[in-house]
Every structure is written in structure tokens, then in C-alpha cells.
Amino acid sequence: MNPQKLLEQFLGTRTDNAGAPAASGSAGGQSGQSVGNLLGGVLGSLGNRQGSGSNAPAGSGGFNLPGGALGGLAAGGILGALLGQKKVRKMAGGALGYGGAAVLGALAHRAYQNWQEGKQTAQAPQATAADVPQEGSRFAPQTAADGKPFALAIIRAMIAAAHADGHIGPDEQKQIFEAANRSDLDADDKAFIFDAMQHPLPPARIAALANDREQATELYLAARIAIDPDHPEEQAFLQALATSLQLPPDLARHLEAQVVQSLGA
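Nothing here was measured: the structure is a model prediction, and the numbers come from that model.

Reading the values: the criteria
- Residues numbered from 1 in each chain as written.
- Predicted model: local features only at pLDDT ≥ 70, side-chain atom pairs only at ≥ 80, totals over all residues.
- Heavy atoms only, no water.
- Helix = DSSP H or I, 4+ residues; strand = E, 2+ residues; numbered from the N terminus.
- Contact = heavy atoms within 4.5 Å.
- Phe/Tyr/Trp six-rings, centres within 6.5 Å; stacked < 30°, edge-to-face > 60°.
- Buried < 20%, exposed > 50% of the residue type's maximum accessible area, 1.4 Å probe, protein only.
- Expected span 1.5 Å × (residues − 1).
- Arc of directions from axis to C-beta.
- Core = buried A, V, L, I, M, F, W, Y, C linked by side-chain atoms within 4.5 Å.
- Polar contact = N/O pair within 3.5 Å; in protein donor to acceptor, adjacent residues only side chain to side chain.

Caption draft 1: Focus on the environment of Ala 81. In this structure, Ala 81 sits in helix H3 (residues 78–83). Considered as a pair, Ala 81 and Gly 12 are 69 residues apart in the sequence and their alpha carbons are 9.9 Å apart. Those residues in contact with Ala 81 that sit more than four places away from it in its chain are Gln 175, Ile 176 and Ala 179.

Caption draft 2: Fine view of the packing of aromatic side chains. Evaluated as defined, the whole model comprises two aromatic pairs. Note on Tyr 112 and Phe 139: the rings are 5.4 Å apart at their centroids and 65 degrees apart in plane angle, and the pair reads as edge-to-face. Here Phe 139 lies in the loop between helix H5 (100–116) and helix H6 (150–162) and Tyr 112 lies in helix H5, a separation of 27 residues in the sequence. The pair formed by Tyr 112 and Phe 139 is uniform in burial state, with each residue classed as buried. Among the aromatic residues, those joined into a ring-pair cluster are Tyr 112, Trp 115 and Phe 139.

Caption draft 3: Representation of helix H11 (residues 232–245). The end-to-end C-alpha distance of H11, which contains 14 residues, comes to 20 Å, matching closely the 20 Å that a straight helix rising 1.5 Å per residue would cover. On the buried face of H11, the contacting elements are H6, helix H9 (203–207) and helix H10 (213–225). Looking one or two residues beyond H11, the residue adopting positive phi is Gln 246, at roughly 60 degrees.

Caption draft 4: Region of the structure containing helix H7 (residues 170–182). Taking 1.5 Å per residue, 13 residues should reach 18 Å; H7 reaches 18 Å between its end C-alpha atoms and fits that length. For H7, the complete set of buried residues consists of Gln 173, Ile 176, Ala 179 and Ala 180. End-on view of H7: buried residues confined to an arc of 120 degrees, all on one side of the axis. Projecting away from the buried face of H7 at angles above 90 degrees are the exposed residues Pro 170, Asp 171, Lys 174 and Arg 182. Tucked into the core, H7 has its buried residues touching H3 and helix H8 (187–198).

Caption draft 5: Fine view of the nonpolar core. Within the largest apolar cluster, 65 residues are counted, with the highest numbers of intra-cluster contacts made by Phe 10, Leu 82, Met 158, Leu 219, Tyr 220 and Phe 237. Residue contributions to this core peak at twelve residues, all from H6.

Caption draft 6: Main features of unusual backbone geometry. At Gln 246, a position not held by glycine, the phi torsion is positive, near 60 degrees. With respect to the helices and strands, the residue Gln 246 is situated in the loop between H11 and helix H12 (249–263). The class of Gln 246 is exposed, set by a relative accessible area of 62%.

Caption draft 7: Spatial organisation of the side chain of Gln 258. Its location among the elements puts Gln 258 in helix H12. Residue classification places Gln 258 among the buried residues on the basis of a relative accessible area of 2%. A polar contact is formed between the side chain of Gln 258 and the backbone oxygen of Pro 125, at a distance of 3.0 Å.

Put into C-alpha cells, the structure is as follows:
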């Protein structure tokens, strides 16, 4: 099993038309490059320059993440099948699709920084390439509290969240399984996805996967991306997850702001 590859394929990471590789090698990836360099290379090939940032990762050129800088959610990804086409269309042009794991870390990191600095959510800055976590950052963790790769915890959080409104029936499961089978994932990767689908974790079990508040922040963000919280069941799930993760209410609001502003969710 290659957990990082699994996470990127789950999110729908792909290669852009110019041939630049998607940023699948966040901390622990096989390419040997840092998260920032990988994402920076993709950003550099895609354009949407927003000026230069002195603390941006090498090659990033100071690009902003929101507004389509990284392309839309890849419709062929397993997450696309999980969320359904309505959700995919809502997220199209958002921050996921290229280097999804790196972008999740960047959004969580920016929200956490805004919260630590006591900023008001309405005036808080959005994530930029400078927020992409480097190797060794608490927002690019290797291992969850259960001793398994943190990438697997993110996938479990998203799958559990997508189950919250009970809309994943036999037809939806068939589409998800077909999407997994179309991928080049190995048998262990597919088995993990299918098991997570059949046994979605409750909020308390997801929270138990977090080693610290930074991991808790990223797990909550991942779950929030997989939900349109316009149904009571989804709202209840997010509230229970925030409580189980022991997230301060202001931090949860900053995470919500990053999702709304950056992904159009």
C-alpha cells in the first residue's frame, strides 16, 4: 500500500495539460521533493500569478490557492464519485484537484494561524502557496495516533462525513467501487477504500486518530470539505466531530471560512 498515492487518487489529483506532475509527493512522497517544491512546480505551470511572496515555497512564485489556481476536483477521482456530480460542480475551480493533500495542509495551516493570531474570520487572509506545509511540519504529518499513515485518517474522515446524511445507497456505492477499480491502485488500497465505505467511523473514532490539535484541525477540514452542511444530519456530524476533536469554536469557524472562501463550498 502507498498511502500518499492512495490519498491523491482519492482526492482526484491528476497531471495538468502541460505535463507538470500533480503534487502527490507531500511529505513522505517518493519523488524526494518537498511539498512546497512539488506544489510550486504545478502552480508555476498553471499560471494565475498573484505577485511574489518572500516566504513562499521554492518555485511557487507567490501564487494564491483559491479561485482555480490548482484546477477543479478531478471528476475521475474516488472522492468525485463519493460526493456526486452536484458537489463536484460546486467545487470545480476550487483548490482541490492538483496536489490535494498539500492543499488540505495549506488550508488547515492558514486557518490555524489566523485563529492563533486572533483574527476575525471576515478579515482573515486566505491560504496561499506560502501556507503549504513543508516536511516536518505538524500540518504534513506522517503518522496518526493509531500508528498508521495520517493519509488514511484523512480518507476515513472524508468518507465518514459523506455518509452523514445517509445518501450513499447501493447505486452510489457501485459508482465508487467502479471509480476505485478504474484507478491504478493496488489490491490493498482498494480493500482499504471498500472497508472504509462499509464501516464509516463515528466522530469519536475519527477524533481518536489525531495526535495533536494540528492533526485535529486537518481532520476536521477534510470532513468539512466532504459535506454541504445544509442538512441536520450533516450539521450534527460536524458538531459532534468538533466536540470530539476538542476544537475551540473560533478555530472551527476559521476552518469553515477557509473552505467557503477557497473551495466555494
